[in-house]
Amino acid sequence: MRLLIVLGAPGSGKGTQAKLLAEYLGLVHLSTGDILRDEVRRETELGNQANQFMTAGELVPDALILDMIKAKLVLDSMTKGFIFDGFPRTVIQAKGLDRLADEVGARIDCAIDLVVDDEIVVKRLTARSGCSVCGAIYNDVWNPPRRAGFCDKDDSALIRRADDSELVVRNRLHVYRQQTKPLEEYYSHRALLVKVDGYGMTGQVLARILISLEASGTNDRTQV
Ligand code: ADP
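Here the structure is a predicted model, which is why all the values come from computation and not from measurement.

This next bit is on the site of the ligand. Surveying the vicinity of the ligand reveals 18 residues, the closest of which are Lys14, Thr32, Glu58, Arg89 and Arg172. Contacts to the ligand include Lys14, whose side-chain N or O atom sits 2.4 Å from an oxygen atom. Glu58 is positioned such that a nitrogen or oxygen atom in its backbone is 2.6 Å from an oxygen atom of the ligand. When the ligand is considered free in solution it has 550 Å² of accessible area, and contact with the protein chains removes 97% of it. Sort the elements by how many residues they give to the shell around the ligand and helix α2 (residues 32–41) lands first, with four residues.

When two helices pack together, their arrangement is captured by the angle between the axes and the distance separating the axes. Running from N to C, α2 and helix α3 (residues 45–56) point in directions that differ by 115°, and their axes come no closer than 8 Å. Classed by the angle they form, the pair α2 and α3 counts as roughly perpendicular. The handedness of the crossing between α2 and α3 comes out as left-handed. Along its contact with α2, which presents Gly33, Leu36, Arg37, Glu39 and Val40, the element α3 presents Leu46, Gly47, Ala50, Asn51 and Met54.

This part takes up the pattern of salt bridges. Following the criterion strictly, the structure yields 22 salt bridges and no others. With a closest N to O distance of 3.0 Å, Arg128 and Asp164 form a salt bridge. Of this pair, Arg128 sits in strand β5 (residues 128–131) while Asp164 sits in the loop between β7 (158–159) and α7 (166–180), placing them 36 residues apart in sequence. For Asp163, the salt bridge identified is with Arg172, shortest N-O distance 3.7 Å. Exposure remark for Arg172: the relative accessible area of 9% places this residue in the buried category. Sharing partners across several salt bridges, the network here consists of Arg128, Arg161, Asp163, Asp164 and Arg172.

To summarise the sheet geometry, strands pair through backbone hydrogen bonds and adopt either a parallel or an antiparallel arrangement. Ordered in space as β6-β5-β7, the three strands form an open sheet in which the pairing is antiparallel. Taken across any chain shown, the strands that pair with only one partner, and hence form the sheet edges, are β6 (137–139) and β7. Relative to β7, β5 runs antiparallel, the two sharing two bridges. Opposite Gly130, over in β7, you have Ile159 as the bridge partner.

Conventions used here
Residues numbered from 1 in each chain as written. Predicted model: local features only at pLDDT ≥ 70, side-chain atom pairs only at ≥ 80, totals over all residues. Heavy atoms only, no water. Near = heavy atom within 4 Å. Polar contact = N/O pair within 3.5 Å; in protein donor to acceptor, adjacent residues only side chain to side chain. Areas by Shrake-Rupley, 256 points an atom, 1.4 Å probe, with all protein chains shown as cover. Helix = DSSP H or I, 4+ residues; strand = E, 2+ residues; numbered from the N terminus. Axes fitted to C-alpha atoms, helices over the stretch in contact; angles between N-to-C directions. Parallel < 35°, antiparallel > 145°, perpendicular 65-115°, else oblique. Left-handed = near helix turned anticlockwise from the far one by under 90°. Contact = heavy atoms within 4.5 Å. Salt bridge = Lys/Arg side-chain N within 4 Å of Asp/Glu carboxyl O. Buried < 20%, exposed > 50% of the residue type's maximum accessible area, 1.4 Å probe, protein only. Pairing = 2+ DSSP bridges.

Interpretation note: all reported values are geometric properties and have no functional meaning in isolation.
This is the structure we're talking about:
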């Protein structure tokens, strides 16, 4: 089983790119943010524990995240592999993932680091909305829906994430620098870090990622 990691600050586009890559490479897309938001919506025990951290833009405790990832890996153990989006986010989580990978006989192929300037992130996130039904993402500035407030694909209402206010976005960026940035060194030490410029249109960024994966020998759709 192969594991790909997409690192990158909030608003770097890691969710969008991870989804596209998962489709292209035939891997399971696993977004810890999406899973947690779903738990919060369903008011599960995990959701109730995670909610206060997410609303403030802080990280959910490592132990909760690692248990959640372990459950997903075990549940989907027959799959070709996973693309992690928003995980790992601390060195403790990265070490936990190494242990889990050993346990299930998986290998980490690479950690793709999407690099985007902080001010662009703030502009992207504070103007972002998403479809409440299909999850399609829009941006008031760069990619507005045809009819304001409604999804182009299914006409459902668009919603904004509670943590996309400027204050919380700035805190998420601060938390990223403090707790997630060290992972760049963690993976570059093992020659697994692939840095990609995250600025530009979705298709351009995806093309850059695929070229970088090719260069690092990990862009192989037939790998198992
Ligand atoms: P973004 O990267 O844009 O902040 P995510 O959807 O990845 O968005 O995460 C949203 C929130 O969910 C984070 O601010 C954090 O509170 C929580 N979260 C997601 N993934 C993790 C993780 N691996 N560890 C701890 N908290 C997480």
